[in-house]
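What follows is each chain in one-letter form.
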Amino acid sequence: MHQHLSALHEALSALDATWADAGTAADLSRPSLVATSAALGSMRRQLDALQVEVAAEIAHESRPELGADSLAKQNGFRNPAQMIAATTGSSTGDAARLVELGKTVAPRTDLVGDPLPPKYPAVQSALRSGALGAPTASLIVTMLDRVRLGADADRLATLATAERQLVDRAKGLSLDDARRLVTRAEATLAPEHLEADEQERRAQRSLTMFERNGMLHLNLVADIESGAEVRAAVDGNVTAQFSVREESVGSDGPDADHRTVAMMRADALARICAHALGCDDDRVPMNGATVVVRVNLADLRNGTGFGTIDGTDQPISIGAVRRMAASSGVIPCVLGSDSEILDWGRRRRLFTPAQKLALVDRDGGCAMCGLPPGMTKVHHIDWWKRDAGPTDLENGILLCETCHHRIHDNGWQIRIEGTGTRARVWFIPPPYIDSTRTPRLGGRARYDIAA
């Protein structure tokens, strides 16, 4: 407890130093805003660690065998989660997750009272030091517990390594990015779970339609396998509409396109359905509307491992890969094959579709912010004209327009480590953002513990 309080005092001192004489956040300079946000994040993680420890002790003092002497019942609550939720203002579900995490990282003893090593030592250490917050730690522990069920000695040894890798990779990630990392890790550690999970999710698919207030409401819940083509078709049409909008930039007349992305998606779906019903249009524009399923050749042959769909976080089973590969409009990308030329050197200025497919495998989408591949373009790292940069994989990177401008306008640098689709992309911030210029990992490698 003393360690937690000392760390909290340090974080509070850092916050006090960054806030200084400012009256409100509006008075802070940009560097001070960044430093203040970092200090608040550190305080929040330290509070998380303290709250997890307290939650575990409240649960211990409220265990069922205590009966009327249960701490929660003495304070008028049915269980410790309800008590914690009421005192912290959180939901019962969040409080229950705190309790479960607390039990996992609490000190353990055997039947005679001798101390046991922690179940997840890397998570425990990162949580106590404030390197990880409780939500991220809970994600990692929950996944490891699922994989641990029925695991043999070899898998248990693998889990120990995976735990350390996950903790190391999760530091500094947002909760959304940590969830992507954990999802990919579970597919790597226990690919046999995917098929059963897919069947369960497929049984939950539905499309409901009803009219209200003169509007038709659609609510689609689709499994990843069948939903991939729906999303590719709709977003491909939206991309085509954005291209038309860009060509008319500067126009602000009555015909100017001011639709939101949600509106454009609704229009795209209506247009696609009209086309399917046999409307007069010769075709529906589908810029970038391609579903690419990627799988390792050895996994495909052996029926092991898993595959991925470009632009989708959820991995899919080998069975789903094989089904999708037989569908029209789906490109199966089998990794490990040399049948396609990927590097064109200075013979071509524009990157080929095959090169973009390879870069999607490396970058996953926008290598900087993670937008799906359909919203990105391939850019030369060393410029074609200025630097005589080649049109090779090692000189290409997938970026959305916003990140492309941010890199060129704000002084970021890009470094590619390795070759081919297994290379890693690093973004080096300018000195005014990070005086140490510490490289930040980008691309798909952020979410792949096997990278």
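Just so we're clear, the structure is a prediction, and the values are computed from it rather than from any experiment.

Caption draft 1: Examining the packing of helix α2 (residues 30–60) against helix α6 (residues 121–129) more closely. Between α2 and α6, the least distance of the axes is 7 Å, while the angle of their chain directions is 120 degrees. Taken together, the axes of α2 and α6 lie oblique to each other. Counted together, Q46, A49 and V52 of α2 and L127, R128 and S129 of α6 form the full contact between these two elements. Split by residue class, the contact of α2 with α6 holds three nonpolar, two polar and one charged.

Caption draft 2: Examining the sheet that holds strand β12 (residues 440–442) more closely. An order of β10-β11-β12 is seen for the three strands of this open sheet, with the pairing classed as antiparallel. Where the open sheet ends on each side, the last strands, each with one partner, are β10 (413–417) and β12. Ignoring strand direction, the axes of neighbouring strands in this sheet form an average angle of 35 degrees. Sheet topology note: the β10/strand β11 (residues 424–428) ladder contains five bridges and is antiparallel.

Caption draft 3: Structural context of the environment of L139. Along the chain, L139 falls in helix α7 (residues 134–148). As for L139 and T183, which are separated by 44 residues in sequence, their C-alpha atoms are 9.4 Å apart. Not counting chain neighbours up to four residues away, the residues in contact with L139 comprise L175, A178, R179 and V182.

Caption draft 4: Geometry of helix α4 (residues 80–88). Among the residues making up α4, those that are buried are P80, A81, M83, I84 and A85. Packed against the buried residues of α4 are α2, α3 (71–74) and α5 (92–105). The N-cap of α4, judged by a side-chain oxygen 3.2 Å from the amide nitrogen of A81 a few residues on, is N79.

Caption draft 5: Region of interest: the pairing of strand β3 (residues 206–212). Bridge count for β3 against strand β4 (residues 215–221) is seven bridges, and the pairing is antiparallel. By the bridge assignment, R212 is partnered in β4 with M215. Turn length for the β3-β4 hairpin, with the two strands adjacent in sequence and antiparallel, is two residues, and the turn residue N213 shows positive phi of about 55 degrees.

Caption draft 6: Molecular detail of a nonpolar patch on the surface. A cluster of nonpolar residues, L207, M209, L216, L218, L220, V230 and L269, forms a patch on the protein surface that exposes about 660 Å² of accessible area. No other element matches the three residues that β4 contributes to the nonpolar patch. Here L218 lies in strand β4. Judged by relative accessible area, which is 44%, L218 ranks as partly exposed.

Caption draft 7: Main features of the pattern of salt bridges. For the coordinates displayed, the defined rule picks out 17 salt bridges. Here D361 and R422 are joined by a salt bridge, their closest N and O atoms 2.6 Å apart. Remark: R422 occurs in the loop between β10 and β11 and D361 occurs in helix α15 (residues 353–363); sequence separation between them is 61 residues. Through salt bridges with shared partners, a single ionic network connects D177, R180 and D313.

Caption draft 8: Focus on the side chain of D434. Mapped onto the elements of the fold, D434 is located in the loop between β11 and β12. Within the buried core, D434 has no salt-bridge partner, and the shortest N-O distance to an opposite charge, that of R440, equals 4.8 Å. In contact with D434, not counting residues within four places along its chain, are P429 and R440.

Caption draft 9: Fine view of the environment of A95. Mapped onto the elements, A95 comes out in helix α5. C-alpha of A95 to C-alpha of Q51: the two residues are 44 residues apart in sequence and 9.9 Å apart in space. The contacts of A95, once residues within four sequence positions are left out, are A81, I84, A85 and S90.

Caption draft 10: View of unusual backbone geometry. Of note, N213 is a non-glycine position whose phi angle comes to about 55 degrees, a positive value. Tracing the backbone shows N213 in the loop between β3 and β4. Residue N213 is classed as exposed on the basis of its relative accessible area, which comes to 75%. We note that R437 has phi near 55 degrees; this positive angle belongs to a residue other than glycine.

Caption draft 11: Region of interest: the side chain of E163. Inspection of the secondary structure assignment puts E163 in helix α8 (residues 153–170). Put simply, E163 is tucked away with no salt bridge, and the nearest opposite charge, on R164, sits 6.2 Å away. The residues touching E163, leaving out its near neighbours within four places in the chain, are Y120, P121, A122, V123 and L144.

Procedures and definitions
- Residues numbered from 1 in each chain as written.
- Predicted model: local features only at pLDDT ≥ 70, side-chain atom pairs only at ≥ 80, totals over all residues.
- Heavy atoms only, no water.
- Axes fitted to C-alpha atoms, helices over the stretch in contact; angles between N-to-C directions.
- Helix = DSSP H or I, 4+ residues; strand = E, 2+ residues; numbered from the N terminus.
- Parallel < 35°, antiparallel > 145°, perpendicular 65-115°, else oblique.
- Contact = heavy atoms within 4.5 Å.
- Nonpolar A, V, L, I, M, F, W, Y, C, P; charged D, E, K, R; others polar.
- Pairing = 2+ DSSP bridges.
- Buried < 20%, exposed > 50% of the residue type's maximum accessible area, 1.4 Å probe, protein only.
- Polar contact = N/O pair within 3.5 Å; in protein donor to acceptor, adjacent residues only side chain to side chain.
- Patch = residues over 30% accessible without salt bridge, like charges linked within 9 Å, V, L, I, M, F, W, Y side chains within 5 Å.
- Areas by Shrake-Rupley, 256 points an atom, 1.4 Å probe, with all protein chains shown as cover.
- Salt bridge = Lys/Arg side-chain N within 4 Å of Asp/Glu carboxyl O.
- Lys, Arg positive; Asp, Glu negative; His and termini not counted.

Without other data, these values stay purely geometric and don't point to any function.
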